[in-house]
Amino acid sequence: MERVESEMRPTKLPVMEAEALWQLRVRRFLGKVLPYLRYVIQSGLGLVIVFGFVSGVALYASFLDRIPPSFPVRELALVLLAPAAAYTTYRTFLEPADLVFLLRMEHQLGAYMKRSVRYSLWPRMLLLVASWCVLWPLYNRADAEPKGFLLSLAVLLLFKAVAAFGAWKERHIVDPKWRLSSRLFRYIWAWGAVACWLWLSIPLAALSSGIAGIVYIAWLLTRRTLHFPWEAHIAAEKVHEGRVYLFLSGFVDMPAAEERRYARPWLKRYGDRFAFTPQAAYRYLLAKTFARSELLGIMLRLNGLGLLLLIWTRDSEWSGLLYGLFVFVIGAQLKTLFTYHRHDVWRTIYPIPLNARHKAALDMSTRIHLASAVVLTLPLWFGTTSWSFKLTVLAGGAVIALLSRMKRARARTEDEE
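Procedures and definitions
Residues numbered from 1 in each chain as written. Predicted model: local features only at pLDDT ≥ 70, side-chain atom pairs only at ≥ 80, totals over all residues. Heavy atoms only, no water. Core = buried A, V, L, I, M, F, W, Y, C linked by side-chain atoms within 4.5 Å. Buried < 20%, exposed > 50% of the residue type's maximum accessible area, 1.4 Å probe, protein only. Helix = DSSP H or I, 4+ residues; strand = E, 2+ residues; numbered from the N terminus. Contact = heavy atoms within 4.5 Å. Expected span 1.5 Å × (residues − 1). Salt bridge = Lys/Arg side-chain N within 4 Å of Asp/Glu carboxyl O.

Enquirer: How should I be thinking about the nonpolar core in this particular structure?
Expert: A general tendency of soluble globular proteins is for nonpolar side chains to be buried together. Counting residues in hydrophobic clusters, the biggest one holds 34 residues, and the most contacted among them are L81, W132, L135, L138, F159 and V194. In terms of residues, this core owes the most to one element, helix α4 (residues 73–86), which gives 9 residues. Sequence-distant contacts of F159, that is, excluding residues within four places in its chain, are made with A85, W189, A193, V194, W197 and S209. By size, the runner-up hydrophobic cluster in this structure holds 33 residues, among which are A281, L334, L376 and V393.

Below, the structure written as structure tokens:
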């Protein structure tokens, strides 16, 4: 007992080794996640990503040689750059137990939080730089009055720094309503600032985005904030871990982890379509859970991004490859449906047929997969490719969905194990 208490009690740290603690937390998290990555690679996703990258580079290079005169390059730049500039979040790797063991040492956690800020910002800064570097050849050729590469990059990084400062201050705001308003304000400002830089002249863009940025920062500084928002840090960390585990659960069975739930009353009728009967009990539960889960947001984002890219490539036969990539990734993510309610105990109490949960998840995943495959073909019908190509692409999407169903139908359920 004394040994357990000594392990749980924070070690004697007159001067707390904050950076060592941070590195320990990072190694612990990576140690839990990295062993599962080999299953992601073995699933074929790594090969698909490499193949998609190579094909995308070839498609992009060929597109640069025949850019349409009226190509909406500024609209495309806004859609790609504004989210990269606006979205910022911070990984702190704090745990609920820290409220007990580290609360009295929060004044010594300055180095810990600095490492967390650097760890969170560098990848997002690099993502913005990579997005601009990839977009630059198209922007420089298609825009009538392109701005300089280095100047634009510096401005985008400045926008990112302001948004990162805003995201950090948001987490410290006391009132949840003001916190939500600050997040909305950050996205509105970031999108508006990027739009001003793309459409306005340099002096006018600097004036308008600068004044708006000063107002945004001043508004943040007038909010009531906490010195160290423990609950907000821990809640955000749970969300990040849940997203990582949700992604991995699409490829391998993961340990049960708490997943974020969203109140979506506008989808209530979707679950109410199914009666809560022994034959349709899991269909009812899965419909309700899917409507409130992170998986629905992932499906919407994948379909939205796929539609956007397919609209751009609808006149090229490369769109078929892009379509197949999105249908495959959507199918991989739908495996998460099979993890819902797998540990419910009431199935041993009520007269529910064996394999009912697996059958309901199989039917629902197939329907969502086929619906996504149909939706993603919509841009192709307005393209200039042949009708035989369009029908072949649609048939290919249906084949991928049906093959995914056959693969999951052969998987053993928890009732058979």
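Following the structure, the description resumes.
Enquirer: What is the right way to read the environment of G383 from this model?
Expert: Here G383 is to be found in the loop between α16 (378–381) and α17 (387–409). Judged by relative accessible area, G383 falls into the buried class, the value being 12%. It is 4.8 Å that separates the C-alpha atoms of G383 and R314, two residues lying 69 residues apart in sequence. The contact partners of G383, leaving out residues within four places of it in the chain, are R314, D315 and K390.

Enquirer: I would appreciate a short explanation of α4 in the present structure.
Expert: For the α-helix, the turn length of 3.6 residues means that residues three or four positions removed from each other point alike. Its 14 residues place the ends of α4 20 Å apart at the C-alpha level, agreeing with the 20 Å of an ideal helix rising 1.5 Å per residue. Taken across its 14 residues, α4 has 10 buried, putting it largely inside the fold. Of the residues making up α4, those classed as buried are V73, R74, L76, A77, L78, L81, A82, A84, A85 and A86. The secondary structure elements touched by the buried residues of α4 are α6 (110–142), α7 (149–172) and α8 (176–199).

Enquirer: Before we go on, may I ask you to explain the pattern of salt bridges in this structure?
Expert: Oppositely charged side chains can form a pair if their charged atoms are brought close together. If you walk through the whole model with that rule in mind, you get 10 salt bridges. Residue R115 pairs with E19 through a salt bridge whose shortest N-O separation is 3.3 Å. Of the two residues, R115 sits in helix α6 while E19 sits in helix α2 (residues 18–42), which places them 96 residues apart along the sequence. Note on E19: relative accessible area 38%, which makes it partly exposed. In this structure, D363 and R405 form a salt bridge, with 3.3 Å as the shortest nitrogen-oxygen distance. One end of the pair, D363, is in helix α15 (residues 356–375); the other, R405, is in helix α17, and 42 residues separate them in sequence. Salt bridges linked by common partners bring R25, R28, E95 and D98 together as one network.

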